[in-house]
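For reference, the chains in residue letters:
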Amino acid sequence: MHKQDFPLLTNTPTVYLDSAASAQKPQSVLAAMDTFYRTYYANVHRGQCHIAAQATDLYERARRTIAAFIHAEPDTVVFTKSTTESINLVAAGYERLLRAGDEVLVCIAEHHANFVPWQQACLRSDATFKTFGITSDGTIDMADFNAQLSPRTKIVAVAQLGNVLGVANPVREIVAAAHAVGARVLVDGAQSCAHMPVNVKDLDCDFFAFSGHKLYGPTGIGVLYGKAEALSELPPYQFGGDMIRHVSVAETTFAEVPAKFEAGTPPFVEAVGLAAAVDYVQDIGMETIAEHEQNLTSLLCQGLSDIPGLTMLGDGSLKKGIVTFNVAGIHPADIAFALTQDNICVRVGHHCAMPVHARFHQDVSLRVSFGLYNEPADVATFLTSLHKTISLFGG
Ligand code: PLP
């Protein structure tokens, strides 16, 4: 679907099955950034000249586009450099807000970006870091979650869609339970925002983080949404230009959100590139993308089901665009190397999620992940190459 819009995929024979790591870029994103650099480039928020005013206008327009995409108000959307930075911003704030006896509750299946910052914030604040588990099909163990949740819980961190298991988590239910004990919830949307419609109002989450590069946008741009009151209780993350109201030798007062969290020159060309990516996926429709990727996922899981010795992490029927597995007796890196000979890109490793691999008694795995540009022919090419590889290894 729409492969022709992606120069890398039309200029090279690449079969790209690694979109969960980073997605390819459509022509419209490349053009938006190229036009910006060639026509309006000047630093935002500071200059008086006409191009600085145009650049600022485009940057703030990008904020409105991206806010509307997740159903948020523009002044609750902070630009960062990535999901990782968005989560670190919140965790660093909580490091100052948490007290001994407070608890932070994180799903065991989280990417390290939504795991380690919380673990470290707890270490530094004397709060307690706790995890809740998942069942063997890859869904959240809600009984465990509810058992761990208590009035001591100050924040819950969970992904909307896991980057290893590819299963959508019951975020609304988790948020409702967390709010009932007075805890806030941070949702990691790094994977979900490219694969399904996102509505932060409907989820009622307190924070939502995602990266531009997984959503067909550029690298170097991330988003942190926060409810106005949740963002305003956090201290600034970095200090410098643009985030102040007044500075004197005696003291500094800070600007309102979102400027309070956007110290220094922001990634404004990247923000405009991300807005172009959002326009692009919205023109196709997130529901259409979700349905297309679901069909590819079912096709792949069906093709993998008769391979002897194949162990999938989680239940294939629950997966959305991300399928992770191992084949007994063959290291996944050997499989990936063989697939590369057929120009097929997949990912091998722990996918920055060691705890969930430990949960499934695996060190590493091979991950196939789809983007909107993948086609059933890509699945067929992958399966043919995988079968060839397994037979080469004597399987
Ligand atoms: N969270 C999830 C679920 C991810 O899949 C990733 C990246 O793979 C991240 C967070 C980190 O994203 P980034 O490296 O763009 O900060």
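Residues numbered from 1 in each chain as written. Predicted model: local features only at pLDDT ≥ 70, side-chain atom pairs only at ≥ 80, totals over all residues. Heavy atoms only, no water.

Chemist: Explanation requested: the overall build of the protein in the structure shown.
Modeler: Of regular secondary structure, the protein possesses 15 helices and 15 strands. Here the C-alpha atoms of the protein give a radius of gyration of 22 Å, agreeing with the 21 Å that 2.2 N^0.38 yields for 395 residues. For the protein, the spread of C-alpha atoms along the three principal axes comes to 75 × 55 × 30 Å. Across the 395 residues of the protein, 56% fall into the buried class. Intrachain contacts of the protein at a sequence separation of at least 6 include 70% that bridge at least 24 residues. Of the roughly 15,900 Å² that the protein leaves accessible, carbon and sulfur atoms contribute 53%. (Helix = DSSP H or I, 4+ residues; strand = E, 2+ residues; numbered from the N terminus. Rg over C-alpha atoms; globule rule 2.2 N^0.38 Å. Buried < 20%, exposed > 50% of the residue type's maximum accessible area, 1.4 Å probe, protein only. Contact = heavy atoms within 4.5 Å. Areas by Shrake-Rupley, 256 points an atom, 1.4 Å probe, with all protein chains shown as cover.)

Chemist: What's the story with the packing of helix α4 (residues 83–97) against helix α5 (residues 116–125) in this structure? I'm lost.
Modeler: Between two packed helices, the angle of one axis relative to the other and the distance separating the axes together describe the packing. Where α4 contacts α5, the two axes come as close as 9 Å, and the packing angle between them is 15°. Relative to α5, the element α4 lies roughly parallel. The hand of the α4/α5 crossing is right-handed. Side by side, α4 and α5 meet where Ile87, Asn88, Val90, Ala91, Tyr94 and Glu95 of the first sit next to Pro117, Trp118, Ala121, Arg124 and Ser125 of the second. Split by residue class, the contact of α4 with α5 holds seven nonpolar, two polar and two charged. (Axes fitted to C-alpha atoms, helices over the stretch in contact; angles between N-to-C directions. Parallel < 35°, antiparallel > 145°, perpendicular 65-115°, else oblique. Left-handed = near helix turned anticlockwise from the far one by under 90°. Nonpolar A, V, L, I, M, F, W, Y, C, P; charged D, E, K, R; others polar.)

Chemist: Just checking my understanding: could you explain the environment of phenylalanine 207 for this structure?
Modeler: Here phenylalanine 207 is to be found in strand β7 (residues 207–211). We classify phenylalanine 207 as buried; its relative accessible area is 0%. Residues phenylalanine 207 and alanine 290, spaced 83 residues apart in sequence, show a C-alpha to C-alpha distance of 23 Å.

Chemist: I tried to follow the domain arrangement of the protein on my own but got confused; where do I start?
Modeler: By a widespread convention, an interface's size corresponds to the accessible area lost as its parts come together. For the protein, the domain assignment lists domain 1 (3–23 + 285–392) and domain 2 (28–282). If you look at the interface, domain 1 gives 36 residues, while domain 2 gives 34 residues. Taking both sides of the interface into account, the surface hidden between domain 1 and domain 2 amounts to around 2,900 Å²; carbon and sulfur atoms contribute 60%. In this structure, the connection of domain 1 to domain 2 is made through zero salt bridges. The interface formed by domain 1 and domain 2 includes 20 residue pairs in polar contact (both at pLDDT 80 or more). Broken down by secondary-structure element, the contributors of at least two residues to the side of domain 1 that touches domain 2 are α12 (286–304), β12 (322–327) and α14 (354–359). Across the side of domain 1 that touches domain 2, the residue classes tally to 20 nonpolar, eight polar and eight charged. (Domains from an automatic or database assignment. Buried area = accessible area lost by both parts, 1.4 Å probe. Salt bridge = Lys/Arg side-chain N within 4 Å of Asp/Glu carboxyl O. Polar contact = N/O pair within 3.5 Å; in protein donor to acceptor, adjacent residues only side chain to side chain.)

Chemist: Explain α5 here, please?
Modeler: Given 3.6 residues per helical turn, the α-helix brings residues three or four places apart onto the same face. What α5 keeps buried is the set Pro117, Trp118, Ala121, Cys122 and Ser125. Buried residues in α5, looked at end-on, bunch into an arc of 135°, giving them a common side. Turned more than 90 degrees from where α5 packs its buried face, Leu123 and Arg124 sit exposed. Where α5 is buried, its residues meet α4, β3 (103–107), β4 (128–132), β5 (153–159) and β6 (184–188). Just past α5, the residue aspartate 126 takes up positive phi, approximately 70°. (Arc of directions from axis to C-beta.)

Chemist: Honestly, the sheet that holds strand β14 (residues 347–349) in this entry has me stumped. Any pointers?
Modeler: Consider a sheet: its strands pair through backbone hydrogen bonds, and that pairing is either parallel or antiparallel. What the four strands build is an open sheet, ordered β11-β12-β15-β14; its pairing is antiparallel. Among the strands making up the open sheet, the edge pair consists of β11 (310–312) and β14. Here the strands of the sheet are splayed against their neighbours by 30° on average, with no regard to which way each runs. Together, β11, β12 and β15 (365–369) form the strand contacts of α12, whose direction differs from that of β12 by roughly 15°. (Pairing = 2+ DSSP bridges.)

Chemist: Can you walk me through the side chain of glutamate 103 in this structure?
Modeler: Positionally, glutamate 103 belongs in strand β3. You can call glutamate 103 buried: its relative accessible area is 8%. Excluding residues that lie within four positions of it along the chain, glutamate 103 makes contacts with Thr128, Lys130, Gln148, Ser150, Arg152, Thr153, Lys154 and Ile155.

Chemist: Would you mind going over α12 with me for this structure?
Modeler: Taking 1.5 Å per residue as the helical rise, α12 with its 19 residues ought to reach 27 Å, and the 27 Å between its terminal C-alpha atoms agrees with that figure. Taken residue by residue, α12 has Met286, Ile289, His292, Glu293, Leu296, Thr297, Leu300, Cys301, Gly303 and Leu304 as its buried positions. (Expected span 1.5 Å × (residues − 1).)

Chemist: Explain the packing of aromatic side chains here, please?
Modeler: Each aromatic ring pair is specified by the distance between its two centres and by the angle formed by the two planes. In total, this model carries 16 aromatic pairs according to the counting rule given. Between the aromatic rings of tyrosine 59 and phenylalanine 79, the centroid separation amounts to 5.3 Å while the plane-to-plane angle is 35°, which identifies the pairing as tilted. Residue tyrosine 59 is located in helix α3 (residues 50–69), and its partner phenylalanine 79 is located in strand β2 (residues 77–80); the two are separated by 20 residues in the primary sequence. Both residues of the pair, tyrosine 59 and phenylalanine 79, count as buried. Through pairs of rings, three or more aromatic residues link up here, namely Phe6, Tyr16, Tyr216, Tyr280 and Tyr373. (Phe/Tyr/Trp six-rings, centres within 6.5 Å; stacked < 30°, edge-to-face > 60°.)

Chemist: It is not clear to me how the layout of surface pockets should be interpreted in this structure. Could you clarify?
Modeler: It is a probe the size of a water molecule, rolled over the atoms, that shows where empty space is left. The volume enclosed by the largest pocket comes to roughly 320 Å³. His111, Asn163, Gln191, Lys214 and Cys352 are, among the 24 residues lining the largest pocket, the residues nearest its centre. Looking at the lining of the largest pocket, you find at least three residues from each of domain 1 (3–23 + 285–392) and domain 2 (28–282). Each pocket or cavity is described by its volume, and for the second largest pocket that value is around 170 Å³. Residue lining of the second largest pocket: 13 residues in total, with Phe79, Glu85, Gln238, Phe261 and Ala263 positioned closest to the centre. At the level of secondary structure, the elements contributing two or more residues to the lining of the second largest pocket comprise β2 and α4. When the residues that make up the lining of the second largest pocket are grouped by side-chain class, the tally is seven nonpolar, three polar and three charged. (1 Å grid on protein atoms, 1.4 Å probe; cavity = no way out; pocket = protein on both sides within 12 Å on 5 of 7 lines; lining within 4 Å. Points joined across faces, edges and corners; volume = space filled by probe spheres on them.)

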